[in-house]
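A structural walkthrough
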Amino acid sequence: MIRFRNPGTQYSTQVQVIKQLYKALHGQAYFTLEDMAVVIAQGRLMTAYGYAGDDALRLSNTDQESMNSALMNAKMYAEVFRMLGWVTPYKEKSSYPLVFTYIGVHVALSTGDCSKLYEQCVLGINNPTQLTDKMRYDEKIRFFKCALRSFIDLDGIMYKHELCLGPMSINDEDEKAYRTMIQNIKSLRGDYKKLKNAFEELAASLGMKPKPVDNCTRLPIAFMKSCNWVESVQNKSLYGKSMSCLKITNYGIETYESVRDMYDLRLDKYIELDEHTQRSLIRLGTYSMLLRSGYDMSAVQNSMVADKKQCKEIINDKDLLFSPAQTIRRTQVEEALGFKMGSGIESQHHIDTFDSSVKERESLYNTQIWKLNIPENSTTELLTSPEDRELLQRVNQMVEAGNDSRSIVNSLFNYYIDATQTTFYPLIATLFKIMGFDCSFSRPGDNGARWDAIIDDPKRSIPIEIKSPTEEQHLSIKAIRQALENKIVLLSRKTHITAPDVSTLAVGYYLPNERAEVTRLILDFKETYGYRIGVIDLKSLLSLAISILIDGKGFEKEKLYQLEGFVNASI
């Protein structure tokens, strides 16, 4: 299976970063990850431990490279840009340092919308290439062309795990294998258990856990959404439960139809050709990408005519789908195009020149560890709703099947990965009820309720901002701001009795990715408004509730009223 190992990043952010890098580094013969890290940080395009600029570099600087957030951030962008053909290795036999490509320069110097060229670069991604010798997968595929075709053949809609089981795991030039893949996915539909088992079997065959395999879908989905080929929709018909799926757009269908009949040149066919034809194909592939992107190619029109004539027996007057910068080593590309990158001054930036002088590095991770060591019996008088009974029934079934508390927590956590507001809001309310708090939730769409749930207390009511995993898997800064607004509105409207020093909560599936940035925001809000904001993830809530239900152990409830920052509770 193809491993897209990077998180999804926005098209606009990718373009902003490549522009910043080119502006700062185009005069160098090549650039390193350290060069990239310095430029990205000083351009305030990343943060580390809540800081930007030089402070981010100082705090990132560690002896262990894998723990250096600035370098890892630069590496993530480098891998995405190399995949898009915007940068390429400077040397033949090593991945770093890097140089900009002819296409990358066009993106970096664009003054207006370059989304059409971006789209051509996404379509240009193919495997294998001369630049991916160290990859551990062997699929031969132009992935996004195949993915769009798969959407069309699967009634226009797919769940993300179907991408892994389908176009990420086949050779798309093998028509029989492609048809078998489509039929296999269709045979899973209607039975979520079958899909889950098939996905877990795929992960096991790769020697990976299911979650990392799931993560491999983030970047391709981000690419397709950025190109406006797919959109997210809620669907119940595929597997009998509401799931966040992807639906191909009309533009996505038009895009596939436009590339379907192109001559799709892959590496194995390219290397069999003579050098003269190879150079013609490099020029024709590069210039065709720019022509389809709206660039004026009149200056090279004669060259394109001559190259088409040279390649006529190969492409048969078809348009050429071939991105040399994403497939071929740079020396061949540059020779064919008649220019040379990789000349200039030596690398100028080194992270180790930034020594940490900021003292707040550790304190920014403001996480409270709640120990489950207080004897407590579960109370049932609050558990009266159908949603409460449904959860209790599910837990009882797992207990009867011999599952311990830890496995029940993990099972429930995985079960709710695709929960919508309709499911997630009452779940959160039920978990707080099990913990002994009188909690009620607001129905999605109820504009009269400012908060998503509230703990009703005679003197210290707590508003709760909830983000379901289909809204955002990791709580965002927006959720923290909304938690603050909930507190302000509650104190103003006085619909429930509370006090200024009582916490307001943000609850979601995962804790925020940018914990340090969120922590600083929480501290700033406390200093400015005097209000405490607590942040809790689903696994911690499940651990607290299941510990009470199954093990008769609880936590110090008083801590919830004064919570500030993150909670970590685990069985």
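Overview of the structure. From a predicted model like this one, the values you see are computed outputs, not experimental measurements.

Digging into the overall build of the protein
- When you go through the protein residue by residue, the secondary structure sums to 25 helices and 16 strands.
- Of the contacts made within the protein by residues no fewer than 6 positions apart, 74% connect residues no fewer than 24 positions apart.
- Carbon and sulfur atoms provide 46% of the accessible area of the protein, an area that totals close to 25700 Å².

Considering the packing of helix α6 (residues 115-124) against helix α15 (residues 275-292)
- For the pair α6 and α15, the least separation of the axes is 8 Å and the interaxial angle reads 140°. Regarding the angle of α6 to α15, the classification is oblique. α6 and α15 meet at a crossing whose hand is right-handed. Along its contact with α6, which presents L117, Q120 and C121, the element α15 presents M289, L290 and R292.

Things to note about the pairing of strand β13 (residues 504-508)
- For β13, a buried count of five out of five residues is recorded, marking the element as mostly surrounded by other parts of the structure.
- Burial along β13 is two-sided: the residues T504, A506 and G508 and L505 and V507 are all buried.
- As judged from the four bridges shared by strand β12 (residues 462-467) and β13, these two strands associate in the parallel manner. By the bridge assignment for β13, I466 is matched with V507.
- Traced from β12 through helix α22 (residues 477-493) to β13, the parallel crossover comes out right-handed.

Topic: the packing of aromatic side chains
- Here the structure, examined in full by the defined rule, presents 23 aromatic pairs.
- Here the aromatic rings of F4 and F144 are separated by 6.1 Å at their centres, their planes lie at 55°, and the arrangement is tilted. Note that F4 is positioned in the segment before α1 (11-25) and F144 in helix α7 (residues 143-153), a separation of 140 residues in sequence.
- Relative accessible area serves as the criterion here: at 2%, F4 is assigned to the buried category.
- Ring geometry for F413 and Y510: centres 5.7 Å apart, planes at 70°, overall edge-to-face.

Overview of the sheet that holds strand β8 (residues 367-369)
- Here seven strands make up an open sheet; going across it, the order is β8-β16-β14-β13-β12-β11-β10 and the pairing mixed. Lying at the two open borders of the sheet, with one neighbouring strand each, are β8 and β10 (439-441). This sheet shows a mean twist of 25° between the axes of neighbouring strands, independent of strand direction.
- Here β13 pairs with strand β14 (residues 533-537) via five bridges, running parallel. For L505, the partnering residue across the bridge sits in β14 and is G534.
- Here α22 sits on the sheet and contacts β11 (453-455), β12, β13 and β14; the angle it forms with β12, its principal contact strand, is near 150°.

Notes on the pattern of salt bridges
- Tallied over the full model, the rule gives 25 salt bridges.
- Between D319 and R292 there is a salt bridge, and its shortest N-O distance comes to 3.0 Å. Separated by 27 residues along the polypeptide, D319 in the loop between α17 (312-315) and β7 (320-321) and R292 in helix α15 bring together distant segments of the chain.
- Looking at R292, the relative accessible area reads 22%, which means it is partly exposed.
- Overlapping salt bridges bring together R142, K145, D172, D264 and R266 as one network.

Here we look at the sheet that holds strand β5 (residues 243-248)
- If you walk across this open sheet you meet the three strands as β3-β5-β4, and the pairing is antiparallel. Looking along the sheet, the strands with just one partner apiece sit at the ends: β3 (157-158) and β4 (230-235).
- Here β4 pairs with β5 via six bridges, running antiparallel. The partner of V230 across the bridge, within β5, is I248.

Here's the deal with the side chain of Q278
- Examined against the element boundaries, Q278 turns out to sit in helix α15.
- Of note is the side chain of Q278, whose polar atom sits 3.2 Å from the backbone oxygen of L273.
- Aside from chain neighbours lying at most four places away, what touches Q278 is Y270, I271, L273 and Q332.

Let's talk about the nonpolar core
- If you look at the biggest cluster of nonpolar residues, it comprises 99 residues, and the most contacted ones within it are W86 and F100.
- Ranked by residues supplied to this core, first place goes to helix α4 (residues 69-84) with nine residues.
- In this view, F100 contacts I18, L21, Y22, L25, H26, F31, W86, V87, V105 and M341; residues no more than four positions away in its chain are not counted.
- Core analysis: the next-biggest nonpolar cluster, separate from the first, contains 49 residues, V395, L431, F432 and L563 among them.

Examining the state of the cysteines
- Tallied over the full model, the rule gives zero disulfides.
- No disulfide involves C216; its sulfur sits 6.7 Å from the nearest other cysteine sulfur, which is in C164.

Notes on helix α13 (residues 250-260)
- Among all positions in α13, only G252, T255, Y256 and V259 are buried. For α13, the arc enclosing every buried residue in end-on projection is 95°, short of the 170-degree limit, so these residues lie on one face.
- Packed against the buried residues of α13 are α6, α7, β5 and β7.

Describing unusual backbone geometry
- Residue Y96 is joined to P97 through a cis peptide bond whose omega torsion reads 5°.
- For P97, the location among the structural elements is in the loop between β1 (87-89) and β2 (98-100).
- That bond from N127 to P128 is cis: its omega, -5°, falls within 30 degrees of zero.
- Relative to the assigned elements, P128 resides in the loop between α6 and α7.
- A positive phi angle, near 65°, is found at N228, a position not held by glycine.
- Secondary-structure assignment places N228 in the loop between α12 (218-226) and β4.

Let's talk about the side chain of K145
- Looking at where K145 falls in the secondary structure, it is placed in helix α7.
- For K145, a relative accessible area of 14% translates into the label buried.
- Here D264 takes part through its side chain, which lies 3.2 Å from a polar atom of the side chain of K145.
- Apart from residues no more than four positions distant in its own chain, K145 is found in contact with Y256, V259, R260, D264 and L321.

So, helix α9 (residues 175-188)
- Spanning 14 residues, α9 covers 20 Å between terminal C-alpha atoms, matching the ideal 20 Å at 1.5 Å per step.
- Of the residues making up α9, those classed as buried are Y178, M181, I182, I185 and L188. Around the axis of α9, the buried residues are gathered within 125° of arc, so they sit on the same side.
- The elements touched by buried residues of α9 are α7, β3, α8 (160-165) and α10 (192-205).
- If you check the start of α9, you find a side-chain oxygen 3.2 Å away from the backbone N of K176, and it comes from D174.
- One or two residues past the end of α9 sits G190, with phi positive at roughly 95°.

Analysis parameters
- Residues numbered from 1 in each chain as written.
- Predicted model: local features only at pLDDT ≥ 70, side-chain atom pairs only at ≥ 80, totals over all residues.
- Heavy atoms only, no water.
- Helix = DSSP H or I, 4+ residues; strand = E, 2+ residues; numbered from the N terminus.
- Contact = heavy atoms within 4.5 Å.
- Areas by Shrake-Rupley, 256 points an atom, 1.4 Å probe, with all protein chains shown as cover.
- Axes fitted to C-alpha atoms, helices over the stretch in contact; angles between N-to-C directions.
- Parallel < 35°, antiparallel > 145°, perpendicular 65-115°, else oblique.
- Left-handed = near helix turned anticlockwise from the far one by under 90°.
- Buried < 20%, exposed > 50% of the residue type's maximum accessible area, 1.4 Å probe, protein only.
- Pairing = 2+ DSSP bridges.
- Right-handed = clockwise from strand over helix to strand, strands pointing away.
- Phe/Tyr/Trp six-rings, centres within 6.5 Å; stacked < 30°, edge-to-face > 60°.
- Salt bridge = Lys/Arg side-chain N within 4 Å of Asp/Glu carboxyl O.
- Polar contact = N/O pair within 3.5 Å; in protein donor to acceptor, adjacent residues only side chain to side chain.
- Core = buried A, V, L, I, M, F, W, Y, C linked by side-chain atoms within 4.5 Å.
- Disulfide = S-S within 2.5 Å.
- Arc of directions from axis to C-beta.
- Expected span 1.5 Å × (residues − 1).

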